[in-house]
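# Coordinate analysis (summary)
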Amino acid sequence: MITFLKQTLQLLLAPTKGWEDVASNSPDARRSLIHGLLPIIAVAAISVFARAIWEHQSFLMLLLSVLTTFAQYFLTYYVALLAMVTALPYITISGDTPDENRIAVFLCYSVSMMACIAVIGNFMPMELTLVQFLPIYVAVVMAQGRIFLSVDPESMGKYVGLTVGSVIVPVYLIEYLLDKITL
């Protein structure tokens, strides 16, 4: 988990170099999921309890928010995996299609960055506009992962649309749907 956190931090500080290091380490998708993404999602979910300091909600509502937050990021990972595995072969350099393991590793890091934004937001006593714009930076970091996934430079616009549409949009869409269901 420490290696996953270090590489996530490196991706945030220097995205191009970070993706090169992720590629050189050739991580296993299952290991990245179990020892990287799932613990970060759990921390994001548990951090919902920090909101109890500023918001007066019942324990049951907070517990429901914890479960919703975990489900939100967990489902986002699998929705994004389905979208990326389906669409990525059409925009990669011919003959150099990334395997499902690389796509899954890419998504583990991308979804974990989105979950880290939730942790930051949960510890803020009020909603800050800056925190609301952090997903744009995650989109920039994902765009730098183009070489990691062997995306054709001419398909950069499609790639950014695919990553934003499969990672960032589902986070908020699933949150909205789960909030409507739990009300």
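You'll find the structure just up there.
Note that the structure is a prediction, hence the values are computed from the model and not measured.

Let us now look at the nonpolar core. Formed by 44 residues in total, the largest nonpolar core has its most connected members in Tyr77, Leu88, Phe106, Leu107 and Leu149. Of all elements in the fold, only helix H1 (2–13), helix H2 (15–25), helix H3 (29–46), helix H4 (59–87), helix H5 (100–122), helix H7 (134–144) and helix H8 (156–182) reach the threshold of two or more residues within this core. A per-element tally of this core places H5 first, with 14 residues. Beyond its immediate sequence surroundings of up to four residues, Phe106 is in contact with Trp19, Met84, Met142, Gly145, Phe148, Leu149, Tyr159 and Thr163.

Mapped onto the elements of the fold, Gly18 is located in helix H2. Between the alpha carbons of Gly18 and Val141 there is a distance of 9.2 Å; along the sequence they are 123 residues apart. When residues no more than four places from it in sequence are discounted, the contact partners of Gly18 are Gln10 and Leu11.

Okay, the side chain of Asp21 next. Take Asp21: it is sitting in helix H2. Using a relative accessible area of 19% as the deciding quantity, one classes Asp21 as buried. Those residues in contact with Asp21 that sit more than four places away from it in its chain are Gln7 and Gln10.

Rules and cut-offs
Residues numbered from 1 in each chain as written. Predicted model: local features only at pLDDT ≥ 70, side-chain atom pairs only at ≥ 80, totals over all residues. Heavy atoms only, no water. Core = buried A, V, L, I, M, F, W, Y, C linked by side-chain atoms within 4.5 Å. Buried < 20%, exposed > 50% of the residue type's maximum accessible area, 1.4 Å probe, protein only. Helix = DSSP H or I, 4+ residues; strand = E, 2+ residues; numbered from the N terminus. Contact = heavy atoms within 4.5 Å.

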